[in-house]
Amino acid sequence: MSFRLPRFPMLTVFHNPSNETSNQALKLIRQASVNYHFDVDIIDPKVKPTHQQVSNIIEFLGKGSEAKGVSDILTADAPKASTIAEVQKILDANPGYMKRPLVVDWNKGKAIIAV
């Protein structure tokens, strides 16, 4: 006989520890995870998001509008992009151009940038 323990939902936080907003957001998320039973995966700013992650995040942020998702994911000082492929190329070269903190619920298809 075998059984599996139930897994908690997972939120991914693209975090920047040198950003006070990111630190506060992470603290709140960790506190909420205890009461609402979810796990938190913290991604360091030096870690490049995968192309699939970038594509999904843009879709989630844009809620059907690729242009909105593309404009929302990059910092103001990032090179301009108008497509998912351009964003991926920018983030491959410098993952620091991704706005952070960015919180993603992959299962629910939602993403939010805390500002």
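Residues numbered from 1 in each chain as written. Predicted model: local features only at pLDDT ≥ 70, side-chain atom pairs only at ≥ 80, totals over all residues. Heavy atoms only, no water.

Q: Sorry if this is basic, but what is going on with the pairing of strand S1 (residues 10-14) here?
A: It is a general feature of regular strands that their side chains alternate between the two faces of the sheet. Among the five residues of S1, four are classified as buried, and the element is accordingly described as predominantly covered. As defined by bridge partners, S1 adjoins strand S2 (residues 39-43) across five bridges and the pair is classed as parallel. When the bridges of S2 are listed, Val13 appears paired with Ile42. Note that the unit made of S1, helix H1 (residues 20-36) and S2 has a crossover that is right-handed. Bridging between S1 and strand S3 (residues 102-105) involves four bridges; their strand directions are antiparallel. For Thr12, the partnering residue across the bridge sits in S3 and is Val104. (Buried < 20%, exposed > 50% of the residue type's maximum accessible area, 1.4 Å probe, protein only. Helix = DSSP H or I, 4+ residues; strand = E, 2+ residues; numbered from the N terminus. Pairing = 2+ DSSP bridges. Right-handed = clockwise from strand over helix to strand, strands pointing away.)

Q: Even after reading the chapter, I still don't get the pairing of S3, so can you show me in this structure?
A: Residues Leu102 and Val104 of S3 are buried on one face, and the alternating residues Val103 and Asp105, pointing to the opposite face, are buried as well. Pairing of S3 with strand S4 (residues 110-113), which is carried by four bridges, proceeds in the antiparallel orientation. Within S4, the position partnered with Leu102 by the bridge is Ile113. In this antiparallel pair of consecutive strands, S3 and S4, the connection spans four residues, and Gly109 shows a positive phi of 65 degrees.

Q: Is there a simple way to explain the packing of helix H2 (residues 51-62) against helix H4 (residues 84-93) in this structure?
A: For any two helices packed against each other, the geometry is given by the interaxial angle and the distance between the axes. In contact at an axis separation of 10 Å, H2 and H4 are set at 130 degrees when each is read in the N-to-C sense. On the basis of their axis angle, the class for H2 and H4 is oblique. Relative to H4, H2 is oriented so that their crossing is right-handed. Touching His51, Val54, Ser55 and Ile58 of H2 are Ile84, Val87, Gln88, Leu91 and Asp92, all from H4. Class assignment of the residues belonging to the contact of H2 with H4 gives a composition of five nonpolar, three polar and one charged. (Axes fitted to C-alpha atoms, helices over the stretch in contact; angles between N-to-C directions. Parallel < 35°, antiparallel > 145°, perpendicular 65-115°, else oblique. Left-handed = near helix turned anticlockwise from the far one by under 90°. Contact = heavy atoms within 4.5 Å. Nonpolar A, V, L, I, M, F, W, Y, C, P; charged D, E, K, R; others polar.)

So yeah, pure geometry; function would need other evidence.
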